[in-house]
Amino acid sequence: MGLSGLEIYKHLPKKNCKECGFPTCLAFAMQLAAKKVDLSKCPYVTEEAKEILESASQPPIKLVTIGTGENKLEVGKETVMFRHEETFYHPTGIGFLIEDSLTLEEIEKRISEINQLKFTRVGQEISVDLIAIEAKSKNKENFLKAVNLALSKSKLNLALISGDPQLLKEALSLAKERRPLIYPATSDNFKEMAQLSKEYNLPLGVRGKDLEELAKLTSDISSLGVSDLVISLEEEKLLSKLQNLTQTRRLALRKLYRPLGYPTLSFVSGGNPYQEVIEAGVLICKYSSIVIMKGCEPWQILPLLTLRQNIFTDPQKPLQVEAKINEVGKVDDKSPVLVTTNFSLTYFTVESEVEASKIPSYIITCNAEGLSVLTAWAAEKFTAESIAKTLKDTGIEEKVSHREVIIPGYVAVLSGKLEEESGWKVRVGPKEASGIPSYLKNLKSLS
Ligand code: SF4
């Protein structure tokens with residue numbers, strides 16, 4: 001927990017001069033506590049107060065960025081143990097291990113397979129984040145060639161894995177512009193690795209034997225001026241991973257224990273391809289910031305990306321599509337007009353059934369704040385008035401020559417009022433989307 005507004009207020013100058021944009025120092029303190037403004041807005045804070053307030057206002061888990069540009073991976077800065085308490089902010093990065101002991105052909109094939117792991121689900125593109133090149137062969141040329149291939153054949157973020165800081169330095173002469181994660185800093189090499197991280201301004205992965213050693217390492221490294229850290233533990237069984245990740249999150253959030261307040265990195269040990277998926281799923285749920293896998297079959301990755309998409313969706317903001325006219329197939333002025341809500345899952349279910357019917361149709365999505373049909377109706381977000389207004393605002397009248405609209409069967413009760421409000425004839429469609437194809441095929445011509 002950060003400081004309360006009153007605790008912050010004690011350290012402010014109490015001039016009430018309004019230069020920060022707030023009428024009083026207390027009002028400013030309240031906004032600071034809610035993390036809505038920056039301390040720098042007050043020009044009169046003393047150095048001593050700055051030190052206290054800035055360290056207290058830092059997030060309990062640091063935000064760390066790997067890579068650059070629009071593909072960069074941001075991990076950490078989580079604020080809750082459970083999603084329903086608020087939301088989870090930074091989706092787990094999913095990466096793949098490539099050992100440099102493979103042949104160049106094998107490496108290239110694997111990179112190409114990883115690049116193709118992109119899917120569209122409920123209107124969003126979901127894809128993987130990272131390739132981790134490991135210096136397994138103990139051969140410098142092999143490592144450098146593998147890094148070069150990853151750089152030239154993929155836009156994904158990179159992690160460079162070697163305990164040899166000198167070898168990493170050579171690889172960084174090729175890869176530094178991509179701002180890779182370098183890993184692992186251990187009790188044997190942390191000074192050199194910290195130096196490398198500082199020199200190139202790179203995130204540094206730290207590996208400890210247990211949480212105690214890990215906490216000591218991160219403290220030592222941060223005293224060397226490196227704070228973009230990602231933490232991990234040596235190879236463990238899934239149960240220990242789960243316990244340690246939970247303990248780490250708890251210590252960081254509940255006890256504000258800074259030495260473990262960093263994003264976490266886990267390697268999936270798996271055993272067989274099915275176990276790998278299960279293990280990665282557990283780690284995505286609890287609480288790995290980055291998961292590195294070996295298997296990269298689409299059937300393994302799609303369920304994991306789906307799981308991640310669901311867990312990292314704000315529970316208070318359902319996935320929504322735009323409220324508008326959607327055309328399915330080659331529509332014309334006689335095409336049926338269906339209405340539904342703008343909840344993504346509802347819309348895409350309806351859309352796929354309309355597509356399956358092979359009857360070109362318009363689907364009008366009404367703004368129901370992303371709620372499904374029955375919930376929106378019960379919450380008075382999907383009413384005769386709002387549907388009538390959407391019919392008018394979207395301009396569907398200019399696209400069709402008829403005046404008939406099909407509403408979901410669950411809200412048949414709206415028919416009469418909707419006819420009155422809109423002047424359109426209302427047809428009641430099926431309750432379930434699965435009934436749409438046969439309903440549309442049997443639809444008599446529209447008037
Ligand atoms: S600028 Fe500083 S001193 Fe002035 S009102 Fe704001 S917080 Fe108080």
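Note that the structure is predicted; figures quoted are calculated from it, not measured.

**Some remarks on the overall build of the protein chain**
Next up, step 1: Within the protein chain, the secondary structure is distributed over 16 helices and 17 strands.
Next up, step 2: Overall, the protein chain is about 80 × 70 × 35 Å in size when its C-alpha atoms are taken along their principal axes.
Next up, step 3: Within the protein chain, the proportion of its 447 residues that are buried is 38%.
Next up, step 4: A separation of at least 24 residues holds for 65% of the contacts in the protein chain among residues at least 6 apart in sequence.

**Focus: the pairing of strand S8 (residues 181–185)**
Next up, step 1: Most of S8 is tucked away, with five of its five residues classed as buried.
Next up, step 2: Here strand S7 (residues 157–161) pairs with S8 via three bridges, running parallel. Bridged to Ile161 within S8 is Tyr183.
Next up, step 3: You can see the chain leave S7, run along helix H6 (residues 165–175) and come back into S8, and the turn it takes is right-handed.
Next up, step 4: In this region the chain leaves S8, passes through helix H7 (residues 190–200) and returns to the parallel neighbour strand S9 (residues 204–208); the handedness of that crossover is right-handed.

**Concerning the site of the ligand**
Next up, step 1: As a structural note, the neighbourhood of the ligand is formed by 13 residues, with Lys15, Cys17, Cys20, Cys25 and Cys42 the closest of them.
Next up, step 2: Split by residue class, the shell around the ligand holds nine nonpolar, one polar and three charged.

**So, the pairing of S9**
Next up, step 1: Counted residue by residue, S9 has five buried out of five residues, so it is predominantly covered.
Next up, step 2: Of the two faces of S9, the one carrying Leu204, Val206 and Gly208 and the one carrying Gly205 and Arg207 are both buried.
Next up, step 3: Sheet analysis places S8 next to S9, joined by two bridges and oriented parallel. The residue of S9 that forms the bridge with Ile182 is Leu204.

**Looking at H6**
Next up, step 1: Within the span of H6, buried status applies to Leu168, Ala171, Leu172 and Ala175. All buried residues of H6 project into a common sector of 110° when viewed along the axis, lining one side. Away from its buried face, by an angle of more than 90 degrees, H6 presents the exposed residues Gln166 and Ser173.
Next up, step 2: Elements that come into contact with the buried residues of H6 comprise helix H5 (140–153), S7, S8 and H7.

**What about unusual backbone geometry?**
Next up, step 1: Here the residue pair Tyr183 and Pro184 is connected by a cis peptide bond, since its omega of 0° sits within 30 degrees of zero.
Next up, step 2: On the secondary structure map, Pro184 appears in strand S8.
Next up, step 3: Residue Asn201 is not a glycine yet carries a positive backbone phi of 55°.
Next up, step 4: Residue position: Asn201 is located in the loop between H7 and S9.

**Observations regarding helix H12 (residues 344–357)**
Next up, step 1: Taking 1.5 Å as the rise per residue, H12 with 14 residues should run 20 Å; its terminal C-alpha atoms sit 20 Å apart, in good agreement.
Next up, step 2: The complete set of buried residues in H12 reads Ser344, Thr346, Tyr347, Val350, Glu351, Glu353 and Val354.
Next up, step 3: Here the buried face of H12 lies against strand S13 (325–328), strand S14 (337–341), strand S15 (361–366), helix H13 (373–378) and helix H16 (436–441).
Next up, step 4: Lys358 sits one or two positions beyond H12 and adopts a positive phi of about 65°.

**Notes on the nonpolar core**
Next up, step 1: The biggest cluster of nonpolar side chains holds 69 residues, and the ones touching the most others in it are Ile131, Ala132, Ile133, Leu160 and Leu204.
Next up, step 2: Once you skip the residues sitting within four places of it in the chain, Ile131 turns out to touch Gly95, Phe96, Ile98, Ile111, Ile114, Ala150, Ser154, Leu156 and Leu158.
Next up, step 3: In terms of nonpolar packing, the next biggest core, distinct from the first, is built from 31 residues, Val350, Tyr362, Ala368 and Phe382 among them.

**Quick look at the packing of helix H14 (residues 384–394) against helix H15 (residues 415–422)**
Next up, step 1: At a closest axis distance of 9 Å, the pairing of H14 and H15 adopts a crossing angle of 40°. As judged from the angle between their axes, H14 and H15 are oblique. H14 and H15 meet at a crossing whose hand is right-handed. In this structure, H14 uses Ala384, Glu385, Ile387, Ala388 and Leu391 to contact H15, whose residues at the interface are Lys417, Leu418, Glu421 and Ser422.

**Notes on the domain arrangement of the protein chain**
Next up, step 1: Along its sequence, the protein chain is carved into domain 1 (5–57), domain 2 (63–311) and domain 3 (325–441).
Next up, step 2: The gap between the C-alpha centroids of domain 1 and domain 2 is 36 Å.

**Some points on the packing of helix H10 (residues 273–285) against helix H11 (residues 298–311)**
Next up, step 1: H11 packs onto H10 with a crossing angle of 10° between their chain directions and a minimal axis gap of 10 Å. Viewed along their axes, H10 and H11 adopt a mutual orientation that is roughly parallel. In the packing of H10 onto H11, the handedness of the crossing is right-handed. Packed against H10, whose contacting residues are Pro273, Glu276, Val277, Ala280, Gly281, Ile284 and Cys285, the element H11 presents Gln300, Pro303, Leu304, Leu307, Arg308 and Ile311 at the interface.
Next up, step 2: For the contact of H10 with H11, the per-class residue count stands at nine nonpolar, two polar and two charged.

**Structural notes on the sheet that holds strand S11 (residues 265–267)**
The pairing of strands in a sheet happens through backbone hydrogen bonds and is either parallel or antiparallel.
Next up, step 1: The parallel open sheet is built from eight strands, whose spatial order is S10-S9-S8-S7-S6-S3-S12-S11. What marks the edges here is a single partner per strand, and that holds for strand S10 (229–233) and S11. The average angle at which neighbouring strand axes cross in this sheet is 25°, direction not considered.
Next up, step 2: In terms of strand pairing, S9 meets S10 through five bridges, oriented parallel.

**Some points on the environment of Pro408**
Next up, step 1: Assignment of secondary structure puts Pro408 in the loop between strand S16 (404–407) and H15.
Next up, step 2: Judged by the 25 C-beta atoms lying within 10 Å of it, Pro408 is buried.
Next up, step 3: Separated by 25 residues in the primary sequence, Pro408 and Thr383 have C-alpha atoms spaced 12 Å apart.
Next up, step 4: Setting aside residues up to four positions removed in sequence, Pro408 forms contacts with Thr340, Val373 and Gly429.

**A look at the environment of Leu242**
Next up, step 1: For Leu242, the position within the fold is in helix H9 (residues 238–254).
Next up, step 2: Residue classification places Leu242 among the partly exposed residues on the basis of 19 C-beta atoms within 10 Å.
Next up, step 3: Expressed as a C-alpha distance, the spacing of Leu242 and Ala135, which sit 107 residues apart in the sequence, is 27 Å.
Next up, step 4: Contacts of Leu242, omitting those with residues within four sequence positions, involve Val282 and Lys286.

What counts and what doesn't
- Residues numbered from 1 in each chain as written.
- Predicted model: local features only at pLDDT ≥ 70, side-chain atom pairs only at ≥ 80, totals over all residues.
- Helix = DSSP H or I, 4+ residues; strand = E, 2+ residues; numbered from the N terminus.
- Buried ≥ 20, exposed ≤ 12 C-beta atoms within 10 Å, placed from the backbone.
- Contact = placed C-beta atoms within 7 Å.
- Pairing = 2+ DSSP bridges.
- Right-handed = clockwise from strand over helix to strand, strands pointing away.
- Near = placed C-beta within 6 Å.
- Nonpolar A, V, L, I, M, F, W, Y, C, P; charged D, E, K, R; others polar.
- Arc of directions from axis to C-beta.
- Expected span 1.5 Å × (residues − 1).
- Core = buried A, V, L, I, M, F, W, Y, C linked by C-beta atoms within 7 Å.
- Axes fitted to C-alpha atoms, helices over the stretch in contact; angles between N-to-C directions.
- Parallel < 35°, antiparallel > 145°, perpendicular 65-115°, else oblique.
- Left-handed = near helix turned anticlockwise from the far one by under 90°.
- Domains from an automatic or database assignment.

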